[in-house]
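Commentary on secondary and tertiary structure
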Amino acid sequence: MNALTKKNLQFIGWGLLYILFLLSFMTSYLVITASFLMIPVLILFVKLDAKRFTAFYLGILLIVNLLLGWTGFVVLAISLFLLPPVIVIGTLYKKKAPAHLVITYGTLTFLAEMLLTLVIGFLFKLNFIKKFKTIMLDYLNNMQPAVKGMLPTQGDMQWYVDVLVQIIPLDMILFSLYFIGVTHLIGRRLLNRMGEDIPGMPPVREWKLPKAFVWIYLIAFAADMLFVSATNSLMSALLINLLPLLMFAFAIQAISFLAFVAHYKGWGKLLPVAGTILLIVFMPFLLVLYSLLGVFDVAFPLRERLFKSR
C-alpha cells in the first residue's frame, strides 16, 4: 500500500468519524461527542485542497441525509453552522498564525453566528429568549412540591429567571470560548502528529493580561458597588455579563502566576494543577480570591517584585 493510498484512507477515516459524530446528535451520546464535532472537519480542511475538501464535505452531508431522512436536516444545519469557524481556524493554521489569534478569531466567528441566529429568529418572529424564559418558568413551577418548597417565592423565581436571561451573552461567550478552545487544543495536536507545524500557546506561566484590564475591572467593580440599577436596566445587564468575564480572566491570570512560581522554584506542575482543581471545585468561593491575585499580578506586578529582583 503506497503513501497516497494510506493518506486517502486516513481522510476517509476522518470523514467516517465525522458522520458518526453527526449521527450521535440523534442519540444520548451527543453529550460526549458535541465538544469534538469540529475536529474531523478541521483536519480535512487543513490537509485537503479546496476542491477535495468540498467533495468530501458534501459527500458526508449527503450520506447523513440519506441515513436520517427528513430529520437529518437539523443535523445538516448544525454542521453548516459549524463550518465558518472551521474555515477561519483552518485558514489561520495554514498561515501559521499565532495560537491566540486562532482562538480569538475562531471565538468571534462562532459568537457572531450565534448572534446572527438570534437576529434571523427575531426577523421570522421566533423569539428564542422569550421561549427560554417561558421554559424556565414552567420548569420551576412544575417541580415536585417537596423540591418547590425549598425554592424562593414566585416573585423571587421571576427575578431568578430574569437574571438567567440577562446572562445569556455571558453564556454565549463562555460557550464559544470552550468550543473553540477544545477544538484548537485537540485539533492542533492531531494535525502536528500528521506532519503539520502549527504554533501553540506559550506556556501557562508566560500568560499575561494587559494592564488596561485592571482599569476596566476596577471601573466595573466600582460601578457595581455604587450604582443600584433595576434588573432590566442597561447598566445592570452590562455589569452582570462583564464582571464575571473579567473575574474569569483574572482567575486564569492567577493560575498563570502559580505556574510561574512553581517553575521558578522547580516544583513541577503540582501547584498550578492543584490550584486549578481547587478553583473548579470551589468556584463560587475561590473565584473572587483568584481574580484578586490575578489583578495584583498584573497591576504591581508580583512576579518581578517577588522573584526577578533576587
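Parameters and conventions
Residues numbered from 1 in each chain as written. Predicted model: local features only at pLDDT ≥ 70, side-chain atom pairs only at ≥ 80, totals over all residues. Heavy atoms only, no water. 1 Å grid on protein atoms, 1.4 Å probe; cavity = no way out; pocket = protein on both sides within 12 Å on 5 of 7 lines; lining within 4 Å. Points joined across faces, edges and corners; volume = space filled by probe spheres on them. Helix = DSSP H or I, 4+ residues; strand = E, 2+ residues; numbered from the N terminus. Nonpolar A, V, L, I, M, F, W, Y, C, P; charged D, E, K, R; others polar. Salt bridge = Lys/Arg side-chain N within 4 Å of Asp/Glu carboxyl O. Buried < 20%, exposed > 50% of the residue type's maximum accessible area, 1.4 Å probe, protein only. Axes fitted to C-alpha atoms, helices over the stretch in contact; angles between N-to-C directions. Parallel < 35°, antiparallel > 145°, perpendicular 65-115°, else oblique. Left-handed = near helix turned anticlockwise from the far one by under 90°. Contact = heavy atoms within 4.5 Å. Core = buried A, V, L, I, M, F, W, Y, C linked by side-chain atoms within 4.5 Å. pLDDT = per-residue confidence, 0-100.

Here we take up the layout of surface pockets. What the largest pocket holds in volume is close to 2200 Å³. If you trace the largest pocket, you find 49 residues lining it, with Ile103, Met201, Val204, Trp207 and Ile252 closest to the centre. Those elements that place two or more of their residues in the lining of the largest pocket are α6 (99-123), α10 (168-193), α12 (234-265), α13 (270-281) and α14 (283-299). The residue makeup of the lining of the largest pocket, split by class, is 33 nonpolar, 10 polar and six charged.

Turning to the pattern of salt bridges, a few remarks are in order. Following the criterion strictly, the structure yields three salt bridges and no others. Between Glu196 and Lys47 there is a salt bridge, with its nearest N and O atoms 3.1 Å apart. Pair noted here: Glu196 is in the loop between α10 and α11 (212-226) and Lys47 is in helix α3 (residues 38-47), with a separation of 149 residues, a long-range link. You can call Glu196 partly exposed: its relative accessible area is 24%. A relative accessible area of 24% places Lys47 in the partly exposed class. Residues Lys96 and Glu196 are paired through a salt bridge, measuring 3.9 Å at the closest nitrogen-oxygen approach.

Looking now at the packing of α3 against α10. Where α3 meets α10, the axes come as close as 9 Å, and the angle between the chain directions of the two elements is 50°. It follows from the interaxial angle that α3 and α10 lie oblique. When you trace α3 past α10, the crossing you get is right-handed. Only Phe179, Ile180, Val182, Thr183, Ile186, Gly187, Leu190 and Leu191 of α10 make contact with α3, whose side of the interface consists of Met38, Ile39, Leu42, Ile43, Val46 and Lys47. Here the residues of the contact of α3 with α10 are counted per class, giving 11 nonpolar, two polar and one charged.

Bringing the nonpolar core into the picture now. Proteins that are soluble and globular tend to have nonpolar side chains buried together. Core analysis: the biggest nonpolar cluster contains 45 residues, and Leu37, Met38, Phe53, Val64 and Tyr93 have the highest contact counts within it. Elements with a contribution of two residues or more to this core: α1 (3-23), α3, α4 (50-68), α5 (72-94), α6 and α10. Among all residues touching Tyr93, those that are not within four sequence positions of it are Leu42, Val46, Val102, His184, Arg188, Leu191 and Ile198. By size, the runner-up hydrophobic cluster in this structure holds 25 residues, among which are Leu209, Ala254, Leu286 and Leu302.

What follows deals with the confidence of the model for the protein. With 90% of its residues at a pLDDT of at least 70, the protein reaches an overall mean of 86. Confidence, expressed as mean pLDDT per element, reaches its minimum in the protein at helix α8 (residues 145-148) with 56 and its maximum at α3 with 95.

Looking now at the environment of Leu58. Within the element layout of this structure, Leu58 appears in helix α4. Here the alpha-carbon distance between Leu58 and Leu68, two residues 10 residues apart in the chain, equals 15 Å.

Take the packing of α3 against α5 next. Two elements in contact, α3 and α5, have axes whose closest approach is 9 Å; the angle formed by their N-to-C orientations is 45°. Looking at the two axes, α3 sits oblique to α5. Seen along the crossing, α3 lies across α5 with a hand that is right-handed. Residues Met38, Val41, Leu42, Phe45 and Val46 of α3 pack against Leu82, Leu83, Pro85, Val86, Ile87, Ile89, Gly90, Thr91, Tyr93 and Lys94 of α5. Residue composition of the contact of α3 with α5, by class: 12 nonpolar, two polar and one charged.

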